[in-house]
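Residue-level listing of the chains:
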Amino acid sequence: MDEHTLTITDNKTGQQIELPVRKATQGPDAVDIGHFFREMGYLTYDPGFLSTASCHSKLTYLDGKQGMLMYRGYPIEQLAEHSNFIEVAHLMMYGELPQQQQLDNFSDIIVHHSMLNEALKSFFRGFYHDAHPMAIMVGVVGSLSAFYHDSTDISNPRHREIAAHRLIAKMPSIAAASYKHSIGEPQVYPDNSLSYVGNLLHMMFSVPCEQFQADPVAEKALDLIFILHIDHEQNASTSTVRLAGSSGANPFACIASGIAALWGPAHGGANEAVLSMLEKIGDVKNIPGYLARAKDRDDPFRLMGFGHRVYKNYDPRARIIRKMCHEVLSKLGNDSDPLFELALRLEEIALNDEYFIERKLYPNVDFYSGLIYKALGIPTNMFTVMFSIARTVGWVAQWMEMISEKNQRIGRPRQLYIGPTKRDYVPIGNR
Ligand code: ACO
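From a predicted model like this one, the values you see are computed outputs, not experimental measurements. Positions within a chain are numbered from 1, following the residues in the order the chain's sequence is written. At least 70 in pLDDT is required for a residue's local features to be given in this predicted model, at least 80 for side-chain atom pairs to be given and counted, and no such filter applies to totals for whole chains, interfaces and linings, which use all residues. Each side-chain value is worked out from all heavy atoms of the structure, with water and hydrogens disregarded.

When a carboxyl oxygen of Asp or Glu is within 4 Å of a side-chain nitrogen of Lys or Arg, the pair counts as a salt bridge. For the coordinates displayed, the defined rule picks out 16 salt bridges. When the shortest N-O distance is used, the salt bridge between Arg166 and Asp150 registers 3.0 Å. Note that Arg166 is positioned in helix α7 (residues 157-183) and Asp150 in the loop between α6 (133-143) and α7, a separation of 16 residues in sequence. Classification of Asp150 by relative accessible area gives partly exposed; the value is 44%. The partner of Arg345 in a salt bridge is Glu348, and the shortest N-O contact between them spans 3.2 Å. With Arg345 and Glu348 both in helix α15 (residues 338-351), this residue pair falls 3 residues apart, about one helical turn. Each residue's exposure class comes from its accessible area (1.4 Å probe, protein chains only) as a fraction of the maximum for that residue type: buried when under 20%, exposed when over 50%, partly exposed otherwise. Residue classification places Glu348 among the partly exposed positions, given a relative accessible area of 43%. Each helix is a run of DSSP H or I of at least 4 residues and each strand a run of E of at least 2, with the numbering of both proceeding from the N terminus.

Structure, rendered in structure tokens:
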């Protein structure tokens, strides 16, 4: 049976409703409750969206039980092994892996949009020197709409595409400029002869008075991490981008809202939090104490880089990154990094602990990504910025998918009101 329905009975009134079940090509089907309120007079209640599909999408599939992730049907393991960031970006935006000519054109377009308007430089100077680079990202990316009026007609598919190209191309330049500002060094212009991540490393680490050559190991590792971070279906930041975009807001503002949502430690900020946590734990002998704190409901401490809303198995991205972490640390001559040793031990102890086993808490992508960033010389406060550069591809692809839908509507959730019922205003002297 292709399409079926689900019947719900109100045990109080006996009223029934038959709800269509929408078929997924893979994974759980979804009960369509679009008419539920109109017909039954009830809202559905699902804080945190544990059982709610907010949209349909052809981009990313993940199976939390099996620990499986696919972009446009391609398993992440295959893309990580054989592809590169720009090729996967093409796949996400246009739906297919490119032919050589298409890939060359796409790379060329991205390369030729990487410069920032000179007027934008004064934005960076306006931030205090110790501003968190994510704060600068939110502000500067949002401000791009002030520079690109020619690509903000969201009803025009060509405008949408140009805005997407600009965002993907300019994120590394903005990220590097945020970093340079925070360390008081001059901004470095992009170099069109370099790869996407090679250019990012160049803009972050070169200085006008010295030659800089990115280490190919570092370039390969960063490209891989970027592939793994491109998209992850309707996570908090992507849902934020979609919700902002559903009102017709311009794409630059939408991506800025995604960056803001990504910043939190329960989401993209976790990679930064993992490193701080490992530094705090400091030594293997302190692990049991911290694990006890993580298990204590009255203690807000959580094991950062562990657990995931959807994965109830090993995060497939964490598996790939863990392997890359070994490779990077040994190739960059850093294999005795005590924090890496500590992370491996912490993972082993947690995975054998009843609390973590019972709750199916496994390392997620952020458990090891921070260690790689650290080995590449990327400062801790830039970790989430790195994530935002890669995730921009997913955000723009999701935004384009949503806007191009025929009956796209504004996202407007309802609420279960639990505040006071009607009461009369009391003058201040009588309260
Ligand atoms: N450490 C200790 N206990 C945890 C952890 C953790 N990291 N994660 C979940 N738990 C516990 C919860 O306390 C809860 O226990 P209970 O059943 O006794 O109440 C149970 O496991 C289920 O967890 P929830 O909080 O209900 O899971 P939720 O899906 O809401 O949260 C989240 C997922 C936010 C990722 C959570 O696991 C967490 O905070 N992890 C640490 C932060 C982190 O690594 N975030 C990165 C996510 S991946 C990404 O954004 C790229």
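Read on, since the account is not over.
Moving on, we come to the sheet that holds strand β6 (residues 74-75). As a general point, the strands of a sheet are linked pairwise by backbone hydrogen bonds and lie either parallel or antiparallel. Paired strands, as defined in this entry, are two strands with at least two bridges between them according to DSSP. In space, the 3 strands of this open sheet follow the order β4-β5-β6, with antiparallel pairing throughout. Single-partner strands in this sheet number two, and they are β4 (60-63) and β6. Taken together, the 4 bridges between β4 and strand β5 (residues 68-71) define a ladder with antiparallel strand orientation. In the strand pairing of β5, Thr60 is matched with Tyr71.

Moving on, we get to the site of the ligand. Here a residue is considered near a molecule or strand provided that any single heavy atom belonging to it is located within 4 Å of it. In the vicinity of the ligand lie 21 residues, with Arg297, Arg302, Leu303, Gly305 and Arg309 positioned nearest. Pairing of N or O atoms within 3.5 Å defines a polar contact, subject to two protein rules: one partner must be a possible hydrogen donor and the other a possible acceptor, and residues neighboring in sequence count only if both atoms are side-chain atoms. Within the backbone of Phe306, a nitrogen or oxygen atom sits 2.9 Å from a nitrogen atom of the ligand. Taking Tyr355, its side chain carries an N or O atom lying 2.9 Å from a nitrogen atom of the ligand. Bound to the protein, the ligand loses 76% of the 930 Å² it would expose on its own. A per-class count over the shell around the ligand returns 11 nonpolar, 5 polar and 5 charged. All accessible-area figures derive from a Shrake-Rupley calculation using a 1.4 Å probe, and residue coverage is judged against the displayed protein chains alone. Amino acids are sorted into nonpolar (Ala, Val, Leu, Ile, Met, Phe, Trp, Tyr, Cys and Pro), charged (Asp, Glu, Lys and Arg) and polar (every other residue, Gly among them).

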